[in-house]
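Listed here are the chains, written in short residue letters.
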Amino acid sequence: MKIPEIREELLTIPQEFASLISKVAQREIDFFVEDDVEFLHEFRVDLRKLRTWTQIFETADYRVKKIQKHLARCHLMGGEVRNFDVLLSWLDENQTFASLPYIRILKEKRKKLRKMFLKELVKTDAISQLRILGRNFLLHIKGVSKEAFEPQVKRYIEEKKKSVYAILPKALTNLEDLHEVRKILKKIRYALLLLPTFNQNCLQNLKELQDILGYINDRRVWLELILVELKDIEEAKNLQEVLQQELNAKLDEFKTYVASEKTFLS
């Protein structure tokens with residue numbers, strides 16, 4: 001049976017790049033209009049896409065060092081806020097594991113971190129600089145189509161697949177390595193968006209893996225957060241136990257998934 005393919009809208013590479021920078025810039029405005037946790041999530045996802053795309057451009061010998069460095073700087077901002085966002089969202093759905101005073105402590109910490117994030121955005125003028133760097137870079141890739149760039153994208157994806165398979169054996173018993181696998185899978189998924197067509201099965205398998213690994217990584221981060229920031233709170237120990245149990249169960253699910261006959265990267 002022929003594997004179905006998804007055909008992306010045939011924008012040129014510069015159009016895709018410009019569109020994504022515009023979305024990032026709009027999110028900065030959104031932050032000051034409303035405190036919606038999804039704004040920060042989408043902001044960080046779009047920055048990761050841009051970082052992946054510049055890595056592909058680098059393999060094709062484009063000069064990307066300046067914009068790469070700035071994208072990395074932008075992506076560092078807001079990471080701590082996002083960790084609190086997802087933990088508080090989980091606690092909203094699992095209120096029996098933490099008292100209201102404990103949740104208030106987390107919310108107050110998150111509020112301070114968000115204030116610091118917004119202050120850094122304004123002070124560094126990071127997004128305005130990104131627009132300028134993006135505008136300058138677009139001049140170098142003017143007229144590049146997805147079809148013309150397809151060989152470079154496919155080469156990048158194949159290299160990342162090899163990296164996953166190389167790390168995977170030890171990642172099954174090491175959360176840091178598992179997190180690295182997760183990051184590489186994201187890069188593969190974002191790279192697919194630059195292809196004129198791509199395999200639907202691959203996209204679905206990547207989504208399944210990312211959901212599992214995202215679940216694991218969230219709990220890894222939360223356990224570290226509780227240990228560092230909230231270890232003296234009475235409910236911390238019970239909460240740690242619950243999160244560790246969830247993490248272990250999802251790890252078992254991941255190991256079963258990997259052991260299955262499913263070829264999850266094709």
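Everything here concerns the structure above.
Just so we're clear, the structure is a prediction, and the values are computed from it rather than from any experiment.

## Details of the overall build of the protein
Thought 1: Across its full length, the protein holds 10 helices and 2 strands.
Thought 2: Beginning at the N terminus, the succession of helices and strands in the protein can be written as β-α-α-α-α-α-α-α-α-β-α-α.
Thought 3: The buried share of the protein, taken over its 266 residues, is 47%.
Thought 4: Nonlocal contacts in the protein, meaning residues at least 24 apart in sequence, comprise 80% of its contacts between residues at least 6 apart.
Thought 5: Here the protein displays about 14,700 Å² of accessible surface, and carbon together with sulfur accounts for 51% of that area.
Thought 6: Of note, the protein has its 47 positive side-chain charges centred 5 Å away from the centre of its 41 negative side-chain charges.

## Thoughts on the pattern of salt bridges
Thought 1: For the structure shown, the criterion picks out 16 salt bridges.
Thought 2: We note a salt bridge from Glu-16 to Lys-146, for which the minimum N-O separation is 2.7 Å. With Glu-16 in helix 1 (residues 13-33) and Lys-146 in helix 7 (residues 146-171), the pair connects residues that are 130 residues apart, well separated along the chain.
Thought 3: The buried category is assigned to Glu-16, whose relative accessible area is 15%.

## Regarding the nonpolar core
Thought 1: One finds Phe-57, Phe-117 and Phe-254 to be the most contacted residues of the largest nonpolar core, which totals 81 residues.
Thought 2: Residue contacts for Phe-57: discarding those within four places in its chain leaves Ile-13, Phe-17, Tyr-62, Val-64, Phe-137, Ile-141 and Phe-149.

## Examining the packing of helix 4 (residues 79-93) against helix 5 (residues 100-124)
Thought 1: Interhelical geometry of helix 4 versus helix 5 gives an angle of 150° and a closest axis separation of 9 Å. By the angle class used here, helix 4 and helix 5 are roughly antiparallel. Viewed along their axes, helix 4 and helix 5 form a crossing whose handedness is left-handed. On helix 5, the residues that touch Glu-80, Val-81, Phe-84, Asp-85, Leu-87, Leu-88 and Leu-91 of helix 4 are Ile-103, Leu-106, Lys-107, Lys-109, Arg-110, Leu-113, Arg-114 and Phe-117.

## Points about the packing of aromatic side chains
Thought 1: Under the definition given, this model contains 12 aromatic pairs.
Thought 2: Aromatic side chains Phe-17 and Phe-137 sit 5.4 Å apart centroid to centroid with 50° between the ring planes, which places their arrangement in the tilted category. With Phe-17 in helix 1 and Phe-137 in helix 6 (residues 126-138), this residue pair connects regions lying 120 residues apart in the sequence. An identical accessibility class is assigned to Phe-17 and Phe-137; each is buried.
Thought 3: Between Phe-43 and Phe-117 the ring centres are 6.3 Å apart and the planes differ by 70°, which places this aromatic pair in the edge-to-face class. Of the two residues, Phe-43 sits in helix 2 (residues 37-59) while Phe-117 sits in helix 5, which places them 74 residues apart along the sequence.
Thought 4: Relative accessible area serves as the criterion here: at 0%, Phe-43 is assigned to the buried category.
Thought 5: Take Phe-117: its relative accessible area is 4%, and that puts it in the buried class.

Thresholds, definitions, all that
Residues numbered from 1 in each chain as written. Predicted model: local features only at pLDDT ≥ 70, side-chain atom pairs only at ≥ 80, totals over all residues. Heavy atoms only, no water. Helix = DSSP H or I, 4+ residues; strand = E, 2+ residues; numbered from the N terminus. Buried < 20%, exposed > 50% of the residue type's maximum accessible area, 1.4 Å probe, protein only. Contact = heavy atoms within 4.5 Å. Areas by Shrake-Rupley, 256 points an atom, 1.4 Å probe, with all protein chains shown as cover. Lys, Arg positive; Asp, Glu negative; His and termini not counted. Charge placed at Lys NZ, Arg CZ, Asp CG, Glu CD. Salt bridge = Lys/Arg side-chain N within 4 Å of Asp/Glu carboxyl O. Core = buried A, V, L, I, M, F, W, Y, C linked by side-chain atoms within 4.5 Å. Axes fitted to C-alpha atoms, helices over the stretch in contact; angles between N-to-C directions. Parallel < 35°, antiparallel > 145°, perpendicular 65-115°, else oblique. Left-handed = near helix turned anticlockwise from the far one by under 90°. Phe/Tyr/Trp six-rings, centres within 6.5 Å; stacked < 30°, edge-to-face > 60°.

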